[in-house]
Amino acid sequence: MTNESDRTLAVRIDWDAEAARFDDEPDHGLGAPEVRAAWAERLRSWLPGRPADVLDLGCGTGSLSLLAAEQGHRVTGVDSSPEMVARARAKLAGRDAAFLLGDAAAPPVGERLFDTVLVRHVLWALPDPARVLRHWRALLRPAGRFVLVEGVWGEATPVGIPADRLTGLLAPLAADVRVERLSEATVLWGKEVSDERYAVVATV
């Protein structure tokens, strides 16, 4: 389980400085065709089958936002790093997408509601995940869904949020919660991994 010092370390990372090399990671930039295709296939199975409003929180440089937009969805991305937001805007220029500078835990979307809240590798680093999930739940339309890609990384001092803990937090908020294990899907990561990686799709 992640402790407060782990979260503080994550928050202190200079994401503006990281932005220039963020897409160098295979699962961040999705530069390899097979990695990109694998993420596109997963998103197609996780997101609604019809065009929908997707809120991508902690969107980074917008790689998942781009895949969602290519599948016909209307995307709003939120990130706390101005440089990440700038790169996401450039990546999705001309598409049905908007990117906002703000806190993923309390996105600056006003009274807008969405069909999907999409989050990858963000929730574990936020203080009070239960409170954050309740706030995100209030941003979903009836029959909306969470798509949460998370995990536990590292061996000596693991950080992250285990799948069973996340499903427990979602239980009072969602009518249906499904876990999809991703550790063995090496094509998603561009390499073999030994840690816990998964996606939770939860319909409210």
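For the structure itself, look to the data block above.
Residue numbers run consecutively from 1 along every chain, following the written order of its sequence. The model is predicted, so local features are restricted to residues of pLDDT at least 70 and side-chain atom pairs to those at 80 or more, both for listing and for counting; the totals for chains, interfaces and linings are taken over all residues. Excluded from the side-chain calculations are hydrogens and water; all other atoms, namely the structure's heavy atoms, are used.

A. Region of interest: the nonpolar core. Buried residues of nine kinds, namely Ala, Val, Leu, Ile, Met, Phe, Trp, Tyr and Cys, make up a nonpolar core once their side-chain atoms join them within 4.5 Å. When accessible area is computed with a 1.4 Å probe and restricted to protein chains, residues below 20% of their type maximum are described as buried, those above 50% as exposed, and intermediate ones as partly exposed. Counting residues in hydrophobic clusters, the biggest one holds 33 residues, and the most contacted among them are Leu133, Trp136, Phe146 and Leu166. Residue assignment for this core shows that the elements contributing at least two residues are strand 1 (53–57), strand 4 (114–120), helix 7 (129–137), strand 5 (140–153), helix 8 (163–170) and strand 8 (196–203). When residues of this core are assigned to their parent elements, the largest contribution, four residues, is made by strand 5. In DSSP terms, a helix is any run of H or I states spanning at least four residues, a strand is any run of E spanning at least two, and both are numbered starting from the N terminus.

B. How the structure looks around the pairing of strand 2 (residues 74–79). For strand 2, the buried fraction is high: five of the six residues fall into the buried class. At least two DSSP bridges between two strands are needed for those strands to be called paired. Pairing geometry for strand 1 and strand 2, over five bridges, is parallel. Its bridge partner being in strand 2, Val54 is matched across the sheet by Val75. Handedness of a crossover is defined as follows: orient the strands so they point away from the viewer, and if the path from the first strand over the helix to the second runs clockwise, the crossover is right-handed. Remark: the strand 1/helix 5 (residues 63–70)/strand 2 crossover connection has right-handed handedness. Where strand 2 lies against strand 3 (residues 97–101), five bridges are found, and the strand directions are parallel. Note on strand 3: the bridge partner recorded for Gly77 is Phe99. On the question of chirality, the crossover connecting strand 2 to the parallel strand 3 by way of helix 6 (residues 82–91) is right-handed.

C. Representation of the pattern of salt bridges within the structure. We define a salt bridge as a side-chain nitrogen of Lys or Arg found within 4 Å of a carboxyl oxygen belonging to Asp or Glu. Counted according to the given criterion, the structure contains 12 salt bridges. Among the salt bridges present, the one from Arg95 reaches Glu70, with a minimum N-O distance of 3.9 Å. Of this pair, Arg95 sits in the loop between helix 6 and strand 3 while Glu70 sits in helix 5, and the two are 25 residues apart along the sequence. What makes Arg95 partly exposed here is its relative accessible area of 40%. For the salt bridge of Arg197 with Asp195, the shortest nitrogen-to-oxygen distance reads 2.8 Å. The exposure classification of Arg197 matches that of Asp195, with both residues buried.

D. Spatial organisation of the packing of aromatic side chains. Any two rings among Phe, Tyr and Trp, with Trp reduced to its six-membered ring, count as a pair given centres within 6.5 Å; such a pair is stacked if its planes are under 30 degrees apart, edge-to-face if over 60, and tilted if neither. Summed over the entire model, instances satisfying the criterion amount to three aromatic pairs. Ring geometry for Trp39 and Trp189: centres 5.4 Å apart, planes at 80°, overall edge-to-face. Of this pair, Trp39 sits in helix 4 (residues 33–46) while Trp189 is found in helix 9 (residues 186–189), placing the two residues 150 residues apart along the sequence. What makes Trp189 buried here is its relative accessible area of 0%. Taken together, Trp39, Trp46 and Trp189 form an aromatic cluster joined through their ring pairs. Two conditions define a charge located above a ring, namely a distance within 6 Å from the ring centre to NZ of Lys or CZ of Arg, and an angle within 35 degrees of the ring normal. Taking NZ or CZ as reference, Arg120 lies 4.7 Å from the ring centre of Trp39, over its face. Between the NZ or CZ atom of Arg197 and the centre of the ring of Trp189, over which it lies, the distance is 4.6 Å.

E. Looking closely at the side chain of Thr61. Structurally, Thr61 can be placed in the loop between strand 1 and helix 5. On the basis of relative accessible area, Thr61 is assigned to the buried category, the value being 2%. Separated by 3.1 Å, the side chains of Thr61 and Lys91 make a polar contact. In the analysis that follows, any N or O atom pair within 3.5 Å is treated as a polar contact, provided that within protein one partner can donate a hydrogen and the other can accept it, and provided that, for residues neighboring in sequence, both atoms belong to side chains.

F. Layout of helix 8. Along helix 8, the positions that sit buried rather than exposed are Ala163, Leu166 and Leu170. Angularly, the buried residues of helix 8 cover 65° about the axis, an arc narrow enough to put them on a single face. Any two residues having at least one pair of non-hydrogen atoms within 4.5 Å are treated as being in contact. Turning to helix 8, the residues buried within the fold contact helix 7, strand 5, strand 7 (176–181) and strand 8. Arc, as used here, means the arc of the directions from the helix axis to the C-beta atoms.

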